[in-house]
Structures are given as structure tokens and as C-alpha cells.
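# Descriptive analysis of the structure
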Amino acid sequence: MKLAKGMELIARDWVVKPKGFRVKFQQMTHGKLVTGYSPSLEENWLDSDVTAWRYAWKLAMAATSDDNRPVEGSLVNITVVDEKDRSVNYYVTGKPQVFNVFCARPF
């Protein structure tokens, strides 16, 4: 393949790295699930998907409840998204991942 053809292919099909990452979750608030982000939308993005996934996993582990009852402040559907709010594949498996913490302690 000629260099010009290769560069054309790269320009057309190259996957652009997201500008940043956030952990997206839902939190039980007044009996309803409310979507939230960490860092919040007003804060700077995390610059690494691995960092964001490790943070998401730690939130899920810290939020695990012993009694399996939903309570005010529970975190569920914890995942990682990019700057366009698109799901980011889990770096460990290369597949979509959601940490479903059905019942969690508030943080």
C-alpha cells in the first residue's frame, strides 16, 4: 500500500480518543432514580479510562450494602462515559460494563 493511501485510510477510520471520562451513575433520591456524574459536569474530566473504571469499581465496592434493601442515596448502574455521554468499554474485557449496585450505602 502506498503511503498516501495508508494515510487516507487512517484519516477516515482512525478512532479518536475521547477528551475525557466521567463515572455515570443513578442515585435513589426521594424514591426516584436520578442520574449523576463524578466528577460532576462542572468539574474537569478524568483523563484516563482506566482511572475512571478503577474509580467506578471502587465506588461500587464501597457502596455495597449488607442488607440488600434500597435506601435513600443508593447508587446503581455505575458505568464510565466519554465527553459525549457515550458508554466506554471496560478496559479489562473490551466490552460494555455496568456495575449494578442494587442497594448501596450513601456516600
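Preceding this paragraph is the structure being described.
A brief structural summary. (Residues numbered from 1 in each chain as written. Predicted model: local features only at pLDDT ≥ 70, side-chain atom pairs only at ≥ 80, totals over all residues. Heavy atoms only, no water.)

## A closer look at the pairing of strand β2 (residues 32-38)
Filter applied, for reference: One bridge is not enough; two strands pair if DSSP finds at least two bridges between them. Only DSSP runs of H or I covering at least 4 residues are called helices, and only runs of E covering at least 2 are called strands; the numbering of each starts at the N terminus.
Of the pairings in the sheet, the one linking strand β1 (residues 21-29) to β2 comprises seven bridges and is antiparallel in character. Counted as the bridge partner of phenylalanine 25 is glycine 36 from β2.

## Describing the sheet that holds β1
Note the threshold: To obtain an axis, a line is fitted to C-alpha atoms, over the contacting stretch when the element is a helix, and the angle between two such axes runs from 0 to 180 degrees between their N-to-C directions. What makes two residues a contact is simply this: any of their non-hydrogen atoms within 4.5 Å.
On the basis of which strands lie adjacent, the open sheet formed by three strands has the order β2-β1-β3 and antiparallel pairing. Among the strands making up the open sheet, the edge pair consists of β2 and β3 (75-82). Adjacent strand axes in the sheet meet at a mean angle of 25 degrees when their direction is disregarded. Each of β1, β2 and β3 touches helix α2 (residues 49-62); the most contacted strand, β3, lies at about 175 degrees to it.

## Here we look at the pattern of salt bridges
Note the following rule: Any carboxyl oxygen of Asp or Glu within 4 Å of a side-chain nitrogen of Lys or Arg constitutes a salt bridge here. Think of it in three bands: with a 1.4 Å probe and only protein chains considered, a residue is buried below 20% of the maximum accessible area for its type, exposed above 50%, and partly exposed in between.
In this structure the tally under the stated criterion is two salt bridges. Where aspartate 85 meets lysine 24, a salt bridge forms, and the shortest distance between an N and an O atom there is 3.1 Å. Within this pair, whereas aspartate 85 is found in the segment after β3, its partner lysine 24 is found in strand β1, the two being separated by 61 residues in sequence. Assessed through its relative accessible area of 35%, aspartate 85 is described here as partly exposed. For the salt bridge of arginine 86 with aspartate 82, the shortest nitrogen-to-oxygen distance reads 2.8 Å. Taking relative accessible area as the criterion, arginine 86 reaches 43% and is therefore assigned partly exposed.

## Regarding the side chain of serine 38
The condition is simple: In protein, a polar contact requires one atom able to donate a hydrogen and another able to accept it; more generally it is a pair of N or O atoms within 3.5 Å, and residues adjacent in sequence count only if both atoms are side-chain atoms.
By secondary structure assignment, the location of serine 38 is in strand β2. Taking relative accessible area as the criterion, serine 38 reaches 14% and is therefore assigned buried. Here the side chain of serine 38 touches tyrosine 55 through a polar contact of 2.7 Å, side chain to side chain. Look past the residues within four positions of serine 38 in its chain and what remains in contact with it is Arg22, Val23, Phe25 and Tyr55.

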